[in-house]
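This is what each chain is made of:
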Amino acid sequence: MSLDDVVAQLADGMTIGIGGWATRRKPMALIRAIARSPLRDLTIVSYGGPDVGMLAASGKLRKLIFAFVSLDQYPLEPHFRAARQAGLEVLELDEGLLHWGLRAAAMKLPFLPTRIGIGTDIVKQPVFETIVSPFDDREELIAMPALKLDVALLHVHRSDERGNVLTLSPDPFFDELMARAAQRVFVTAERIVSTAELDMSRNARFNLIERTMITGVVEARFGAHPTSAAPEYHLDLAHLKTYVDSATSTQSWAAYRERFIETTPENYLAAVGGSERIATLPAPVY
Amino acid sequence: MDRDYSLAELIIAAAAEAWRHDGEIMATGIGPLPRLAASLAKLTCNPALQTTDGECWYTSQPVPPGPRNGPMPEIEGLANYDRVFSTIWSGKRHAMVAPVQIDRFGQTNISVIGNHARPKAAMLGARGYPGNSVHHPNSYFFASHTPRAFVAGEVDYVCSAGYNPARYRDGRMPATLDLRLIVTDLAVLDFEGPAHAIRVRSLHPGISFEQVQDNTGFALIRPAHIPITREPTAEQLAIIARLDPNQVRKTVLQGDPPGNRRAA
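Residues numbered from 1 in each chain as written. Chains lettered and ligands numbered in written order. Predicted model: local features only at pLDDT ≥ 70, side-chain atom pairs only at ≥ 80, totals over all residues.

1. Some points on the overall build of chain A
Of regular secondary structure, chain A possesses 11 helices and 11 strands. Relative to its length of 286 residues, chain A is compact, with a C-alpha radius of gyration of 19 Å against a globular reference of 19 Å. The buried share of chain A, taken over its 286 residues, is 51%. By sequence separation, contacts in chain A at least 24 residues apart represent 74% of the contacts at least 6 residues apart. (Helix = DSSP H or I, 4+ residues; strand = E, 2+ residues; numbered from the N terminus. Rg over C-alpha atoms; globule rule 2.2 N^0.38 Å. Buried ≥ 20, exposed ≤ 12 C-beta atoms within 10 Å, placed from the backbone. Contact = placed C-beta atoms within 7 Å.)

2. Topic: the interface of chain B and chain A
Where interface size is quoted, it is often the accessible area lost as the parts come together. At the junction of the two partners, chain B supplies 36 residues and chain A supplies 32 residues. At the level of elements, α3 (81-90) and α4 (129-135) of chain B are the ones that each hand at least two residues to the side of chain B that touches chain A. For the side of chain B that touches chain A, the element with the highest residue contribution is α4(B), accounting for 5 residues. Residue composition of the side of chain B that touches chain A, by class: 20 nonpolar, 10 polar and 6 charged. (Nonpolar A, V, L, I, M, F, W, Y, C, P; charged D, E, K, R; others polar.)

3. Quick notes on the sheet that holds strand β7 (residues 140-145) of chain A
Residue and element names in this part refer to chain A. The 3 strands lie next to each other as β5-β7-β6, forming an open sheet whose pairing is antiparallel. In the strand order of this sheet, the two ends are held by β5 (111-114) and β6 (129-132), each with one partner. In this sheet, adjacent strand axes meet at a mean angle of 40 degrees when their direction is disregarded. Here β5 pairs with β7 via 4 bridges, running antiparallel. Counted as the bridge partner of threonine 114 is isoleucine 142 from β7. Seen against the sheet, helix α5 (residues 95-106) touches β5 and β7 and runs at an angle of roughly 145 degrees to β5. (Pairing = 2+ DSSP bridges. Axes fitted to C-alpha atoms, helices over the stretch in contact; angles between N-to-C directions.)

4. Some words on the packing of helix α1 (residues 7-16) of chain B against helix α2 (residues 32-43) of chain B
Residues and elements named next belong to chain B. α2 packs onto α1 with a crossing angle of 55 degrees between their chain directions and a minimal axis gap of 8 Å. As far as their axial angle goes, α2 and α1 are oblique. As for the relative orientation of α1 and α2, their crossing is right-handed in sense. Counting all contacts with α1, which are made through Ala8, Ile11, Ile12, Ala13, Ala15 and Ala16, the residues of α2 involved are Leu33, Pro34, Leu36, Ala37, Leu40 and Ala41. Taken together, the residues of the contact of α1 with α2 sort by class into 12 nonpolar, no polar and no charged. (Parallel < 35°, antiparallel > 145°, perpendicular 65-115°, else oblique. Left-handed = near helix turned anticlockwise from the far one by under 90°.)

5. What to know about the sheet that holds strand β2 (residues 51-52) of chain B
Two pairing modes exist for strands in a sheet, parallel and antiparallel, and in both the strands are linked by backbone hydrogen bonds. Taken together, the 3 strands give an open sheet; going across it, the order is β2-β3-β4 (chain B), and neighbouring strands pair in antiparallel fashion. Strands with a single pairing partner mark the edges of an open sheet, and in this sheet they are β2 and β4 (75-78) of chain B.

6. What to know about the pairing of strand β1 (residues 15-18) of chain A
Residue and element names in this part refer to chain A. Neither face of β1 is exposed, since Thr15 and Gly17 on one face and Ile16 and Ile18 on the opposite face are all buried. In this fold, the crossover linking β1 to strand β2 (residues 42-48) by way of helix α2 (residues 28-35) has right-handed handedness. Where β1 and strand β8 (residues 149-159) come together, 3 bridges link them in parallel fashion. Bridging across to β8, glycine 17 finds its partner in alanine 152. (Right-handed = clockwise from strand over helix to strand, strands pointing away.)

7. Looking at unusual backbone geometry
In this chain, His225(A) is followed by Pro226(A) through a cis amide linkage whose omega measures 10 degrees. Mapping Pro226(A) onto the fold places it in the loop between β11 (216-219) and α8 (237-245). Omega for the bond connecting Ala230(A) with Pro231(A) falls within 30 degrees of zero, at 10 degrees, which places this linkage in the cis form. Considering the arrangement of structural elements, one finds Pro231(A) in the loop between β11 and α8. Positive phi values are uncommon outside glycine, yet Gln247(B) reaches one of about 55 degrees.

8. As for the pairing of strand β5 (residues 93-97) of chain B
Residue and element names in this part refer to chain B. Within β5, 5 of the 5 residues are buried, which leaves it mostly tucked inside the rest of the structure. The alternating pattern of β5 places Arg93, Ala95 and Val97 and His94 and Met96 on opposite faces, both of which are buried. Summarising the sheet, β5 and strand β10 (residues 138-142) pair through 3 bridges and their orientation is parallel. Residue pairing across strands places methionine 96 opposite serine 139, the latter belonging to β10.

9. Some words on the confidence of the model for chain B
Summarising the model, chain B shows a mean pLDDT of 96, and 98% of its residues fall at 70 or more. Predicted as a complex, the structure gets a pTM of 0.97 and an ipTM equal to 0.96. (pLDDT = per-residue confidence, 0-100.)

10. Considering the environment of Pro73(B)
Residue and element names in this part refer to chain B. Assignment of secondary structure puts proline 73 in the loop between β3 (57-59) and β4. Measuring from C-alpha to C-alpha, the distance between proline 73 and threonine 59 comes to 6.4 Å, with 14 residues separating the pair along the chain. When sequence neighbours within four positions are dropped, the list of residues in contact with proline 73 reads Asp53, Thr59, Gln61 and Val63.

The following block contains the structure:
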């Protein structure tokens, strides 16, 4: 399938989980495809980076469920800040609570108990309830409600046509839980290869999730750009700067959209300096 | 005898003390000075500490902040986020992070300034602060000790839990809530006052209690005798220089002031 085929499977008002973490392995080619579509009123669940900012600036968000939105080397995401300060509806979580909510949904449970949030303003948001341990300790705990997703969008390194996937980076983040919390899962892959080429017996630890969970796969070379898909390519700090600067005015955002979003994947790749440049970006320091 | 050291180096040496008695746990310092402090602790007072490259590996030796020259650091273990969460929940971690606000209960904020629904300034979001605060020991670093950071009343949005009885059922605080040190450009504070009230533990050279109190939006506990923050030793200064070849520590505090402000 194509990026636009995936977008055609999405609908206004959906709750969509986005894989990756901040500036790492975000399915940005799909995010750009959503940004140029007529979709609206989305609820986004994300360990947020430019995916959240770009969708916010494109007017796609009704609600954000998040623990942070950051561009790491540029800690404050300017498009997210603008949307948040204009009153975007949010459910603010802790990183571990977000994990726990996805885990509950993945297990088809209504909630999972935790101590996370006790004593903070996070649990004063109306979705939270407390629960008392039924055992002798009688400890009062927080009930983290399941975060059920209509769709999860992930970026992986390899897939075959059937959706047997490999995520080669050392940190898989919480992509597996995003997928298990979702009704349907669409994946972009750096390369679609034969099943034999996956060399699965050797690469089994990189296979985060079985193909029964994967609805569709799209080949998208450099599909995570400007975020990283280590070990194959790294964060594009220069482009990230361009993206950050696009938040300075309506005109600069319109110019960014025109150049990098309202375009084909092929022209995008050329506009950001070509595949050779991306493939040789230096590893960032954290 | 006066040794030449910067305020950043004084802070790194003072902050390293946070991990001295922690044994074999994960030490996390967020931001250059807390990170260098954890690194210094690992190379001096607590070699058992595990530290990471800031991305997803535990390394045998601390990794310098900024660009890395020379060989890749030796990797000794995996510290991806799933594993870090598990470590947090086990309690075997002590983090020193840099919030935007703190209040008299030790509650901190990095989410918003102003109203949560429509903030005056949106910042990062609560990140891992809520979970950190009720699972393992935590310390805090403030590059600028002012009443805007050390607020009167409560912080604008409580991201990390503190010793505020009103926020717990029957006032019962989690047994695992364990706040340790607050290191600032003026002093080292701790929670060893009555009912965990914030106390001045040591004053940086040349700083008075009154200066610290005047820059704090709530009343601090003043012990009868307040020691001066210990000056970094020549050995500590040499190790800090080795840990920070890019001199990132010089960029954290405005003007990179000297550590001994009696002289200034």
